[in-house]
Every structure is written in C-alpha cells, then in structure tokens.
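So the chains spell out like this:
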Amino acid sequence: MEIAVISDLHLGTGGAADGFGHSDSEFLKFLDFLERNFERVVLLGDVWETLTGHWPFDPAAELYAARECHPEIARRFERERYVYVHGNHDLVAGAVDGAPDEFVIQADGMRLLFTHGHQNDSLIQWRRWLSELGVWLGGWIRRLGLAAVYRLFAKLDEGRGGVSLDGGRCEFQRWAMGAAAYRDADIVVTGHTHLPTSEEHGARLFLNSGTCSERKISFLSLDTRRGCYGVHASY
Ligand SMILES: [Mn+2]
C-alpha cells in the first residue's frame with residue numbers, strides 16, 4: 001500500500017494567529033499531487049487550530065470557524081482517501097468528527113501505528129487546561145505582533161517536550177517506540193514535534209511527518225510493498 005502522511009497544518013481562522021502560512025489554492029495543488037500518487041493520505045493531527053480563538057476554551061466553535069475560513073481544504077479532507085487522526089490542537093475533532101487518537105493498519109505483512117504524539121506530553125495529559133491556556137496566550141502574543149516573544153516561548157516549550165535530534169536520547173522517540181511495542185507495530189508514525197524524522201530503533205522504525213504550517217511543507221511516503229519509507233521536507 002502507498003500511503004502519504006502530513007500533519008500539523010494548524011489551519012486557523014485567518015489573521016495573525018493563523019499559523020498555516022500557505023495560500024489555500026497552492027496547498028490544494030499539493031493535495032492534488034498526494035492524491036495522484038498515494039492510495040491513502042493520513043492527516044496526523046493538529047490539522048485544525050482550535051485553541052487560539054479570541055476567547056479560550058471553545059474549541060468546537062473554533063473548529064467550525066477554521067473550516068469556514070478554509071472551505072475548499074475542509075471539503076477536500078472529506079474525500080474517502082483521507083484518514084484523520086486528531087492531535088492536541090484539534091482534540092475536539094474526536095468528539096465532533098469521531099477522529100480517533102490512534103490508527104493501526106496492516107499492509108503487506110507490516111503493522112503501522114499512526115498517532116499524533118501529544119500523549120507523551122505529561123502537561124497535555126494531566127494539566128490540559130494549562131497547556132491549552134498557554135497555546136491561547138500564544139495566539140494573542142502573535143496577534144499583538146510580538147513575534148520574538150512567541151518564538152522564545154515556542155523554544156522553551158520545545159525543550160520541555162523532551163525532543164532531541166539525537167534519536168538515542170530523544171524522550172519523544174523513546175515514548176513512541178514503547179507505544180509501537182505495545183501495539184506490536186513495526187513502524188510508528190507521529191507528528192507533533194514539527195521535525196521531519198526517520199530513525200531506526202532495532203527492528204522498528206520511527207517516523208515523524210514534520211509540519212505543513214509556517215509556510216513549510218513536509219510529508220512522509222510509505223510504500224509497504226517495496227519497504228520504502230521516505231521523509232520529504234522543503235525546509
Ligand atoms: Mn501537536
């Protein structure tokens with residue numbers, strides 16, 4: 001089976017707090033390319049930004065507003081080819097659309113686990129209101145044009161998330177490999193970190209789809225028949 005994976009689009013309601021950074025028409029051409037070349041396109045979480053509204057804690061309203069702001073992309077994602085797994089910024093899609101928080105498929109003798117990866121973050125798991133308040137404040141910092149402050153907070157949050165470019169020391173990858181072992185998966189595919197990655201851990205493979213926000217484009221190509229797993233990034 002040939003599968004493409006994209007994640008972390010953070011499609012919002014337009015304006016300065018919308019981190020998507022692409023024109024919808026250009027992005028639709030990228031989706032055309034994926035649809036032409038892959039049987040399935042997995043949307044691996046943080047597709048919609050539902051945490052940075054003018055008021056906090058109304059993610060369902062933000063989800064509808066974000067879709068109204070990007071109507072053609074929203075319609076496109078309803079096609080049968082797309083599989084939607086929610087993340088932490090679009091957690092509400094679990095309740096609204098029935099999007100699962102993980103998805104396992106078996107193809108050509110390989111077992112693949114798809115999960116966004118926020119489940120690894122103890123702040124998101126145990127103090128969700130606090131992490132969501134932080135994201136909401138981040139939205140206002142961007143609206144107020146304080147880009148340097150926003151970058152500083154993003155950097156601090158990155159350090160907190162236990163993400164390292166060294167796969168052997170990366171806590172996020174260690175968590176993902178544990179999840180893969182638990183699900184008996186040969187390959188675990190994640191998003192969340194915005195770092196496109198491929199790293200072998202013994203007989204298992206860790207993959208991260210990176211991000212399609214902030215004017216960046218990255219995606220994974222998985223060909224289970226040929227055993228080819230590619231990371232593609234424009235940054
Ligand atoms: Mn995330």
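Structure: above.
Right, let's walk through the structure included here. Every value quoted in this text rests on a predicted model; they were computed, and no experiment measured them.

1. Topic: the nonpolar core
Judged by nonpolar contacts, the single largest core of 44 residues is most densely connected at Val5, Val42, Leu43, Val188 and Val189. Setting aside chain neighbours within four positions, we find Val42 in contact with Ile3, Val5, Val83, Val85 and Phe114.

2. Observations concerning the pairing of strand β10 (residues 228-233)
Across six bridges, strand β9 (residues 218-223) lies against β10 in antiparallel orientation. In the sheet register, Phe219 faces β10, and the bridge partner there is His232.

3. Comments concerning unusual backbone geometry
Phi at Asp46 takes a positive value of approximately 50°, unusual for a residue other than glycine. Its place among the elements puts Asp46 in the loop between β2 (40-44) and α2 (59-69). The backbone phi angle of Glu214 is positive, close to 55°, even though this residue is not glycine. Tracing the sequence through the fold places Glu214 in the loop between β8 (204-208) and β9.

Reading the values: the criteria
- Residues numbered from 1 in each chain as written.
- Predicted model: local features only at pLDDT ≥ 70, side-chain atom pairs only at ≥ 80, totals over all residues.
- Core = buried A, V, L, I, M, F, W, Y, C linked by C-beta atoms within 7 Å.
- Buried ≥ 20, exposed ≤ 12 C-beta atoms within 10 Å, placed from the backbone.
- Contact = placed C-beta atoms within 7 Å.
- Pairing = 2+ DSSP bridges.
- Helix = DSSP H or I, 4+ residues; strand = E, 2+ residues; numbered from the N terminus.

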